[in-house]
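Here is what each chain is made of, one letter per residue.
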Amino acid sequence: MLSATLQSDLSAVVQGVNLMWVLMVTFLIFFMHAGFAMLEAGQVRSKNVANQLTKNLLTWSVGVIVFFLVGAGVSTIVGGATGGGSYSVVGAFTDLYAPEAGSAGAWVNWLFGAVFAMTAATIVSGAVAGRAKLRAYVGYTILLAGVIYPVVTGFTWGGGFLDALGFYDFAGGVIVHAMGGIAGLTAAWIIGPRMNRFNDDGSVNVIPGHSMTFAVLGTLILAFGWYGFNVGTSASPLALSDSGEVVLGSFQTVGRVALVTTLGMAAGAIGAAAVATYKTGKVDTLYVANGLLAGLVGVTSVTDVIVWPGALAIGLLAGAQLPIVFEFVEKRLQIDDVCAVFPVHGSAGILGALAYPFAATAFWNGNASFLSLAIPQVVGVVVIAVWTFAATALVFGAFRAAGQARVSNEHELEGLDSSEHGVDTYPEFGRPDESGARVDG
Amino acid sequence: MLSATLQSDLSAVVQGVNLMWVLMVTFLIFFMHAGFAMLEAGQVRSKNVANQLTKNLLTWSVGVIVFFLVGAGVSTIVGGATGGGSYSVVGAFTDLYAPEAGSAGAWVNWLFGAVFAMTAATIVSGAVAGRAKLRAYVGYTILLAGVIYPVVTGFTWGGGFLDALGFYDFAGGVIVHAMGGIAGLTAAWIIGPRMNRFNDDGSVNVIPGHSMTFAVLGTLILAFGWYGFNVGTSASPLALSDSGEVVLGSFQTVGRVALVTTLGMAAGAIGAAAVATYKTGKVDTLYVANGLLAGLVGVTSVTDVIVWPGALAIGLLAGAQLPIVFEFVEKRLQIDDVCAVFPVHGSAGILGALAYPFAATAFWNGNASFLSLAIPQVVGVVVIAVWTFAATALVFGAFRAAGQARVSNEHELEGLDSSEHGVDTYPEFGRPDESGARVDG
Amino acid sequence: MLSATLQSDLSAVVQGVNLMWVLMVTFLIFFMHAGFAMLEAGQVRSKNVANQLTKNLLTWSVGVIVFFLVGAGVSTIVGGATGGGSYSVVGAFTDLYAPEAGSAGAWVNWLFGAVFAMTAATIVSGAVAGRAKLRAYVGYTILLAGVIYPVVTGFTWGGGFLDALGFYDFAGGVIVHAMGGIAGLTAAWIIGPRMNRFNDDGSVNVIPGHSMTFAVLGTLILAFGWYGFNVGTSASPLALSDSGEVVLGSFQTVGRVALVTTLGMAAGAIGAAAVATYKTGKVDTLYVANGLLAGLVGVTSVTDVIVWPGALAIGLLAGAQLPIVFEFVEKRLQIDDVCAVFPVHGSAGILGALAYPFAATAFWNGNASFLSLAIPQVVGVVVIAVWTFAATALVFGAFRAAGQARVSNEHELEGLDSSEHGVDTYPEFGRPDESGARVDG
């Protein structure tokens, strides 16, 4: 048996090592903002780049303060209120504003949660690029960081009713990514497409982004940060067992998480490349890049509960659905989702969550029945999708009703950099013609 | 009581964990060079981009060798000589060149110091962009890395008289950032503005940078690295107590440091955006980005001794002063600080250091009087500012007297990429007209 | 003596801390793909950028799956078969596909190996830029990840005959970098130069890359990741001694590794800058950047067995040879190594490995004779070079014989972005003229 002194010693080791890991992966996840900024900037026209960058900077800056002051507490309350746990409305905030002196980790854990929240928030900006008013976007971000996203985490990670039901989402494939993707699609639908994006006869004009290089840079920064996102969700490398011994905590399955993340991303790129090449005969660079991201999204909710054949399968499917869903959104729904955030984050995240029962080691090992795994996933996806859709439609609908959802046609033609920010992103390089559209089937 | 064997065991754990943390955050801080390179490259004209990039590469490459061979030893000597500690002139160097076998950490600690030193050095290049001669800049960098910066750290972190006086600078808000910002402003003043920057009647021409995208990318890389800079300065996660037990070391306050860094940066972006929008009616992207950095600078010296309301207040002020100080430097001082390094690093760093007594938890807890906190800060800021100004003015003044401070007018018009490096940064894209200036109030 | 309980406790601490370190440095090395993508994209013409980016994305995506399914097992088998160790052909794969439950680290260690493998693979794409067919390149990548590189690691790190002979390569200066550089040179030689690169009279046309900024960004990302590559190869921070005590593992020399990496990179930039300036009178930005990388490559194989004067010397030489070897390859061999991968990765890696006996602390301490160190290095370099050359020549020779090695002249003139991918990287910026060549001595 261990002496009390030694237990205290080892407890400090466990706490220090776990804090170090959470901090490092939090920094990586924060860096995903640079990835989103570059990915989205690369996919918009040169006249709208500074606007996109400003939205990214303000998403983080405004959002993280709101999530500290309001959002994290709301999540705690929603979790307690819907999950049957005990909670205090005032305590939900004061525990964060002034944690007990003994809790060195309270603010670290908040920051770890905040970088996930801001990932969900920033996804939306890619869908509404090129026409959303800055004030509408920032207004929505405030509500997302303060209420809309915290309700989702309250239902789930915060111990709410979906958690009690058994809904499983390891690192946020649905809670973060599908939530952001659905919100983006909804917002893009409400505010309408960019001018000249669709013709009266229903045909489609492609408006290519201004820099493939920035888009791919953003993709690779995101993949780097995603290792923090997924592997970092194994957030307690060490643990103290009930008998006071040090054991591996969530690092028991960290190899599986690292492998599934790697193979899911690789298979996603290949799946998207294959389908895109089948459709057009050429390997589209942007589909490869976005397919890699869709593969990551696909495995994010199940990273620690599947093994590598499942990672390959889900990654391939998440990549393969990308060109198909993108075309469906564009040509059938006629929604202008500029940076393809729904196929990359929305449908890929949903696919991964619904694939859980098929790929779960618990099912293959006979430790759980298919339905006992499947039903909570379906319920969870539906609840999160409906909530996100309804809340987003309400907010952007209100902005639209007030005439504040999108810029004027003159400003859109001129570009949002000039009209909203008074800047020119590339003052020394040639200006594009005004429409930028070229006809594409 | 613990046995000797166990103490030795746990001592190795503490040492290994602490080394790991210091190495990881050092890598993050190193990566800030990529951030500075992109931020500065984006803010200069396309004809001067390669020059700016070369300066950044050489700042690191030349500077880090000088800091190893000379600078670190000078800091030790200055610290000992002015602070009353014991020191050996020869030992200051030999302890680094050939540390005792038992000291696994000596070179790791040197590298941790070196990445801070190189941050100070690289800030200067942004102020003198577009006209400083490469040899003058590199010559100054050698002196900065070998003497000018080490004197500042000798006075402070190295145990010198400012440290003895009680001057507080947690992670270098003054020692690194204000030092760099003041050096940059001084150098820009000595070598004079770019051609056509100011008119004879005192009016100002704006010369916009060539790529907002690179500038924002650099900003986000810097913010990422800054987590290493600030949170990493909590450099000893674990510690051995006097009785030989393992306890949390500087990780006791790491949550506070992480939160203050996050909220300071967010509030800085909002503060700058608000003032810039108040002045011009539009949300200037570059002010948002640089405001985020100014917020980070503002909290850097006090990160572990304030709590979140202080972080919001200092961040807001550090951001809000940015457009005002920038305009003052430009329109009143008529100094051409190309990348706004003084308002971002200089005045924001000074502001943070002087805000310390107002925001310090020690003051609010009644553990220290206002004046006992304020006086050392004022003295420290004055000493560091005077030393940095004088040394920089002397060096650049000497270069100017020798006709070596700036390139010829012909070379400036042609661009430094061509004249100093014989390269064209973007050979396939349109060349700008020669002056690049447009009239602005 | 320690109790069994305590030993188990501390064993979990050692395992957890070591896993954490390996994961973090693996993420850094993964991020080098973003560095290679930007470095190479910056050095190609704007009409071939998306092609280069796609190759980088597919190198990772295809390669890492092949390395999981095939390559890692091949390495184990080759190591066992040539080094005399015991091995099982089936077990080499099944140990990876389904590791023992107790082995939390098997997949983490695989991933650590995989990011090195993919570094070797991606180097090749820089040499064959602008004319290699995508299918040829991807086909070669599959063979490299599945067989060619695993044979090299089997011979060496995997315990094969070069390891038994005493060949030393700490972090892959030869195994990864020289291997990639030689493969790239061979492939560039087989598929021939870009059109208009060489004139009939043997004179040379320079085809400048499209963006110095992306190239330098890539350089700095690579340097950041290289800290993971080199310092991370000190992969076991803590260890359990034979008597069950916790001691520093490879972190005993981690300070040396960090210092040598830093000074080697700095000296490389200076060495290349000096020689390039001697030859042309100007400080060429790209030589400074690539010299920094060559300095890193130079010290990579010997990082933990030399001290700082050796790091400065090898770094300077590795940088200094860069302009000379580049010119030799270009003007004498008339091989079109677009991104200078042979001088940066090939000759610099060989130089570092062969410098080992001159700089080794074991030699200077009298612990090893010069020849006992030198002979294994020479043998190792020759074996790896011959194998890599032969295997690469065979594969690309077969593609050439089948008419599949390079695109048609029409497609090359049009640019590979359009012909292979159907995209335009910068649709809003001016198109270059078709040849892009300017005459240079």
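Further up the page is the structure itself.
Residues numbered from 1 in each chain as written. Chains lettered and ligands numbered in written order. Predicted model: local features only at pLDDT ≥ 70, side-chain atom pairs only at ≥ 80, totals over all residues. Heavy atoms only, no water.

### Section: the interface of chain A and chain B
Thought 1: Contact with chain A, which involves 59 residues of that partner, is made by 62 residues of chain B.
Thought 2: For the salt bridge of Glu 428 of chain A with Arg 45 of chain B, the shortest nitrogen-to-oxygen distance reads 3.3 Å.
Thought 3: Where the side of chain A that touches chain B is concerned, the elements lending two or more residues are helix H1 (4–43), helix H2 (49–83), helix H4 (106–127), helix H8 (212–231) and helix H16 (416–421) of chain A.
Thought 4: For the side of chain A that touches chain B, the element with the most residues is H1 of chain A, which contributes 23 residues.
Thought 5: Class assignment of the residues belonging to the side of chain A that touches chain B gives a composition of 43 nonpolar, 12 polar and four charged. (Contact = heavy atoms within 4.5 Å. Salt bridge = Lys/Arg side-chain N within 4 Å of Asp/Glu carboxyl O. Helix = DSSP H or I, 4+ residues; strand = E, 2+ residues; numbered from the N terminus. Nonpolar A, V, L, I, M, F, W, Y, C, P; charged D, E, K, R; others polar.)

### Here we look at the relation of the copies chain C and chain A
A rotation about some axis, followed by a shift along it, carries one copy of the chain onto the other.
Thought 1: The two copies are related by a screw operation: chain C maps onto chain A through 120 degrees of rotation and 0.0 Å of translation along the axis, at an RMSD of 0.0 Å. This pairing of chains is accounted for by a three-fold axis. (Least-squares fit on C-alpha atoms with pLDDT ≥ 70 in both.)

### With respect to the interface of chain C and chain A
Thought 1: With 59 residues of chain C in contact, the opposing surface of chain A contributes 62 residues.
Thought 2: At the boundary of chain C with chain A, total buried surface from both sides reaches about 5000 Å², with 81% on carbon and sulfur atoms.
Thought 3: The interface formed by chain C and chain A holds one salt bridge in total.
Thought 4: At the boundary of chain C and chain A, one finds 10 residue pairs in polar contact (both at pLDDT 80 or more).
Thought 5: Elements with a contribution of two residues or more to the side of chain C that touches chain A: helix H1 (4–43), helix H2 (49–83), helix H4 (106–127), helix H8 (212–231) and helix H16 (416–421) of chain C.
Thought 6: Looking at which element gives the most residues to the side of chain C that touches chain A, the answer is H1 of chain C, with 23 residues. (Buried area = accessible area lost by both parts, 1.4 Å probe. Polar contact = N/O pair within 3.5 Å; in protein donor to acceptor, adjacent residues only side chain to side chain.)

### Examining the pattern of salt bridges
Thought 1: Counted under the stated rule, the structure contains 18 salt bridges over all chains.
Thought 2: Between Arg 406 of chain C and Glu 412 of chain C there is a salt bridge, with its nearest N and O atoms 2.7 Å apart.
Thought 3: The class for Glu 412 of chain C is buried, based on a relative accessible area of 5%.
Thought 4: Taken together, the salt bridges that share partners define one network made up of Arg 194, Arg 197, Glu 330 and Asp 336 of chain A. (Buried < 20%, exposed > 50% of the residue type's maximum accessible area, 1.4 Å probe, protein only.)

### Comments concerning the nonpolar core
Thought 1: With 507 residues, the main nonpolar core has Trp 110 of chain A together with Trp 110 of chain C as its most contacted residues.
Thought 2: If near-sequence neighbours (up to four positions away) are discounted, Trp 110 of chain A is found in contact with Val 64, Phe 67, Phe 68, Ala 72 and Leu 96 of chain A together with Leu 259, Thr 262 and Leu 263 of chain B. (Core = buried A, V, L, I, M, F, W, Y, C linked by side-chain atoms within 4.5 Å.)

### Some points on the side chain of Thr 54 of chain C
Thought 1: Take Thr 54 of chain C: it is sitting in helix H2.
Thought 2: By relative accessible area, which is 0% here, Thr 54 of chain C ends up buried.
Thought 3: Within the structure, the side chain of Thr 54 of chain C is placed 2.8 Å from the side chain of Thr 285 of chain A, a separation counted as a polar contact.
Thought 4: With sequence-adjacent residues up to four places away left out, Thr 54 of chain C is seen in contact with Val 283, Thr 285 and Val 288 of chain A together with His 421 of chain C.

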